[in-house]
Amino acid sequence: MSEQMKNFWTGRCKAGHRQENEDCFKKTAYEQICILPKGGRLLEVGCGSAETLVYLAPEYDEVIGIDFSTTMLDAAAERLKAFGLRNVRLESGDACKFPASVQKVDVINTAYVVQYLKLEEIRLHLQQCRRVLSP
C-alpha cells in the first residue's frame, strides 16, 4: 500500500466510520454475512480495530484479521478479548502482501480496503487473493 495511506492510518485505533456505534457495526456485518459464504476460514484484510469483525467471527470456524497498523491491531486484540472470541488470530500485513503464515482461506473480505488501492496495488492484491484462496 502507498506510504501516504500507511502514514494516514499509523497511530489510529478507530476506522472513522460516519457512525461509530455498535448498532451500525452490527448492521454492517449483517449485510456482509448475508452475501459472504459462511463457515471455514475467513481472511479479513484491513481488519482495523475489529469493529465489524467481532460480528463476522461467529459465522466462521477460524478468522484471520490482517492490518498494517499496529495500533489498530492492538485495539482489535482488546475488542476480541472483550467479546470473548477465540477463533480469531491477528497478524501484521497489508492488502498487497499477506503474511506468509496465511496459506489457505475459504473467504476473503476486503470491504474496507480495496477502494483505497491504486490500479497497480489492485493487481498485487488480487495476486495475493489468488495465492491464498482455496478452490
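Predicted, not measured: the structure shown is a model, and the values here were computed from it.

Moving on: the overall build of the protein chain. The number of helices and strands found in the protein chain is five helices and four strands. The helix and strand sequence of the protein chain, counted from the amino end, reads α-α-β-α-β-α-β-β-α. With 135 residues in all, the protein chain has 45% of them scored as buried. Long-range pairs, those at least 24 residues apart, make up 71% of the contacts in the protein chain with a sequence separation of at least 6. Surface summary for the protein chain: the accessible area is close to 7,700 Å², and the carbon and sulfur share equals 54%.

Summed over all chains, the structure comprises one aromatic pair. When the ring of Tyr55 is compared with that of Phe83, the centres are 5.6 Å apart and the planes differ by 85 degrees; the resulting orientation is edge-to-face. Remark: Phe83 occurs in helix H4 (residues 70–83) and Tyr55 occurs in helix H3 (residues 53–56); sequence separation between them is 28 residues.

Here we come to the nonpolar core. In terms of nonpolar packing, the biggest core is built from 20 residues, with Val63 and Val88 touching the most fellow members. Of all the elements in the fold, those that place two or more residues in this core are helix H2 (22–35), H3 and H4. Looking at this core, the element that brings in the most residues is H3, giving four residues. In contact with Val88, other than residues within four places in its own chain, are Leu53, Ala57, Val63 and Leu80. Counting 14 residues, the second largest nonpolar core, distinct from the first, contains Ala95, Phe98, Ile108 and Val132.

Take the side chain of Asn87 next. Topologically, Asn87 is positioned in the loop between H4 and strand E3 (88–92). At a separation of 3.0 Å, a polar atom in the side chain of Asn87 contacts the main-chain carbonyl oxygen of Ala57. Look past the residues within four positions of Asn87 in its chain and what remains in contact with it is Ala57, Tyr60, Asp61, Glu62 and Val63.

Right, let's talk about the sheet that holds E3 for a bit. Strand order across the open sheet formed by four strands is E3-E2-E1-E4, with parallel pairing between neighbours. Of all the strands in the sheet, the pair left with one neighbour each is E3 and strand E4 (107–109). Within this sheet the neighbouring strands show an average axis-to-axis angle of 20 degrees, counted without direction. With respect to the sheet, H4 is in contact with strand E2 (62–67) and E3, its orientation differing from that of E3 by roughly 170 degrees.

With that out of the way, let us pick up the pattern of salt bridges. All chains considered together, the criterion is met by six salt bridges. Taking the shortest distance from any N to any O, the salt bridge between Lys27 and Asp23 comes out at 3.2 Å. You can see Lys27 and its partner Asp23 sitting in helix H2, four residues apart, about one turn around the helix. As a salt-bridge pair, Arg41 and Glu62 come within 2.9 Å of each other at their nearest N and O atoms. Of this pair, Arg41 sits in strand E1 (residues 41–45) while Glu62 sits in strand E2, and the two are 21 residues apart along the sequence. Three or more residues joined by partner-sharing salt bridges are found here, namely Arg41, Glu62, Arg89 and Glu91.

On to the pairing of E3. With five bridges connecting them, E2 and E3 associate as parallel partners. Counterpart to Asp67 in the pairing with E3 is Ser92. With H4 bridging E2 and its parallel neighbour E3, the resulting β-α-β unit is right-handed.

Procedures and definitions
- Residues numbered from 1 in each chain as written.
- Predicted model: local features only at pLDDT ≥ 70, side-chain atom pairs only at ≥ 80, totals over all residues.
- Heavy atoms only, no water.
- Helix = DSSP H or I, 4+ residues; strand = E, 2+ residues; numbered from the N terminus.
- Buried < 20%, exposed > 50% of the residue type's maximum accessible area, 1.4 Å probe, protein only.
- Contact = heavy atoms within 4.5 Å.
- Areas by Shrake-Rupley, 256 points an atom, 1.4 Å probe, with all protein chains shown as cover.
- Phe/Tyr/Trp six-rings, centres within 6.5 Å; stacked < 30°, edge-to-face > 60°.
- Core = buried A, V, L, I, M, F, W, Y, C linked by side-chain atoms within 4.5 Å.
- Polar contact = N/O pair within 3.5 Å; in protein donor to acceptor, adjacent residues only side chain to side chain.
- Pairing = 2+ DSSP bridges.
- Axes fitted to C-alpha atoms, helices over the stretch in contact; angles between N-to-C directions.
- Salt bridge = Lys/Arg side-chain N within 4 Å of Asp/Glu carboxyl O.
- Right-handed = clockwise from strand over helix to strand, strands pointing away.

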